[in-house]
Amino acid sequence: MLNERVSAAKKIASDLHQAEDAIDEAMIRIAQLAATLPTARRQTNMSAIVGQEAMAKVAQALAAAGEVRQLLTDAHVALTVTQKEVGLGARMFGAGVKPASAKLVDEGSNDCQRVDAPMVAKAG
């Protein structure tokens, strides 16, 4: 039973981090677009009213992406509560960005270790 919960938690953590990364990427691209629009308008010597509706929509899209990001971070926090409720409170499944070579030291551990780094004995 514990192995199934650990496996499910790892899958959830992986999917959550992918979703967080995706919304960050979307926000970056929307922000780039938001910068390109007025830059292009100025470079082409157009009136400030040219493209204003589009600029407003892009700004709304960026704000909406920010709201989605907040919801995902709220879900992340809520999942830490769920994690404790199902008896996995002491384990972490990725609370931040890890180097590509990071891996779990042992199943259910909250220790992250580089593949080429020596293993350190756990206290306790």
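These notes cover the structure that comes with them. (Residues numbered from 1 in each chain as written. Predicted model: local features only at pLDDT ≥ 70, side-chain atom pairs only at ≥ 80, totals over all residues. Heavy atoms only, no water.)

1. A short note on the nonpolar core
In summary, soluble globular proteins display a tendency toward joint burial of nonpolar side chains.
Step number 1: Listed in full, the 7 residues of the largest apolar core are Leu 16, Ile 23, Ile 30, Ala 34, Val 58, Ala 65 and Leu 72.
Step number 2: When contributions to this core are tallied by element, the ones reaching two or more residues are helix H1 (2-43) and helix H2 (52-85).
Step number 3: A total of 4 residues in this core trace back to one element, the largest contributor, which is H1.
Step number 4: Ignoring anything within four residues of it in the chain, the contact list for Leu 16 reads Leu 72, His 76 and Leu 79. (Core = buried A, V, L, I, M, F, W, Y, C linked by side-chain atoms within 4.5 Å. Buried < 20%, exposed > 50% of the residue type's maximum accessible area, 1.4 Å probe, protein only. Helix = DSSP H or I, 4+ residues; strand = E, 2+ residues; numbered from the N terminus. Contact = heavy atoms within 4.5 Å.)

2. Considering the pattern of salt bridges
Once the charged atoms of two side chains with opposite charge are near each other, the side chains can pair.
Step number 1: All chains considered together, the criterion is met by 3 salt bridges.
Step number 2: When the shortest N-O distance is used, the salt bridge between Asp 15 and Lys 11 registers 3.0 Å. Taken together, the positions of Asp 15 and Lys 11, both in helix H1 and 4 residues apart, correspond to about one turn of that helix.
Step number 3: Across the salt bridge formed by Arg 29 and Glu 25, the nearest N and O atoms sit 2.7 Å from each other. On the criterion of helical spacing, the pair formed by Arg 29 and Glu 25 is a turn pair, its members being 4 residues apart in helix H1. (Salt bridge = Lys/Arg side-chain N within 4 Å of Asp/Glu carboxyl O.)

3. A short note on unusual backbone geometry
Apart from glycine, the bulk of residues carry a negative phi angle, and the bulk of peptide bonds sit in the trans form.
Step number 1: Residue Asn 45 is not a glycine yet carries a positive backbone phi of 60°.
Step number 2: Secondary-structure assignment places Asn 45 in the loop between H1 and H2.
Step number 3: For Asn 45, a relative accessible area of 72% translates into the label exposed.

4. Concerning the side chain of His 76
Step number 1: Topologically, His 76 is positioned in helix H2.
Step number 2: Overall, His 76 belongs to the buried group, its relative accessible area being 19%.
Step number 3: Within the structure, the side chain of His 76 is placed 2.7 Å from the side chain of Glu 20, a separation counted as a polar contact. (Polar contact = N/O pair within 3.5 Å; in protein donor to acceptor, adjacent residues only side chain to side chain.)

5. Details of the packing of H1 against H2
When two helices pack together, their arrangement is given by the angle between their axes and by how far apart the axes lie.
Step number 1: For the pair H1 and H2, the least separation of the axes is 9 Å and the interaxial angle reads 160°. By the angle class used here, H1 and H2 are roughly antiparallel. Our pair here, H1 against H2, has a crossing hand that is left-handed.
Step number 2: Grouping the amino acids of the contact of H1 with H2 by side-chain chemistry returns 20 nonpolar, 3 polar and 3 charged. (Axes fitted to C-alpha atoms, helices over the stretch in contact; angles between N-to-C directions. Parallel < 35°, antiparallel > 145°, perpendicular 65-115°, else oblique. Left-handed = near helix turned anticlockwise from the far one by under 90°. Nonpolar A, V, L, I, M, F, W, Y, C, P; charged D, E, K, R; others polar.)

6. A few points about H1
Step number 1: Here H1 spans 61 Å end to end across 42 residues, near enough to the 62 Å set by a 1.5 Å rise per residue.
Step number 2: All of the buried residues in H1 are Val 6, Ala 9, Ala 13, Leu 16, His 17, Glu 20, Ile 23, Ile 30 and Ala 34.
Step number 3: With its phi angle positive at about 60°, Asn 45 sits one or two positions after the end of H1. (Expected span 1.5 Å × (residues − 1).)

7. Observations regarding a nonpolar patch on the surface
Step number 1: Together, Met 46, Ile 49 and Val 50 make up an exposed nonpolar region whose accessible area comes to about 300 Å².
Step number 2: Position of Met 46 relative to the elements: it lies in the loop between H1 and H2.
Step number 3: According to the relative accessible area criterion, Met 46 is partly exposed, its value standing at 41%. (Patch = residues over 30% accessible without salt bridge, like charges linked within 9 Å, V, L, I, M, F, W, Y side chains within 5 Å. Areas by Shrake-Rupley, 256 points an atom, 1.4 Å probe, with all protein chains shown as cover.)

Shape descriptors only; they carry no functional weight alone.
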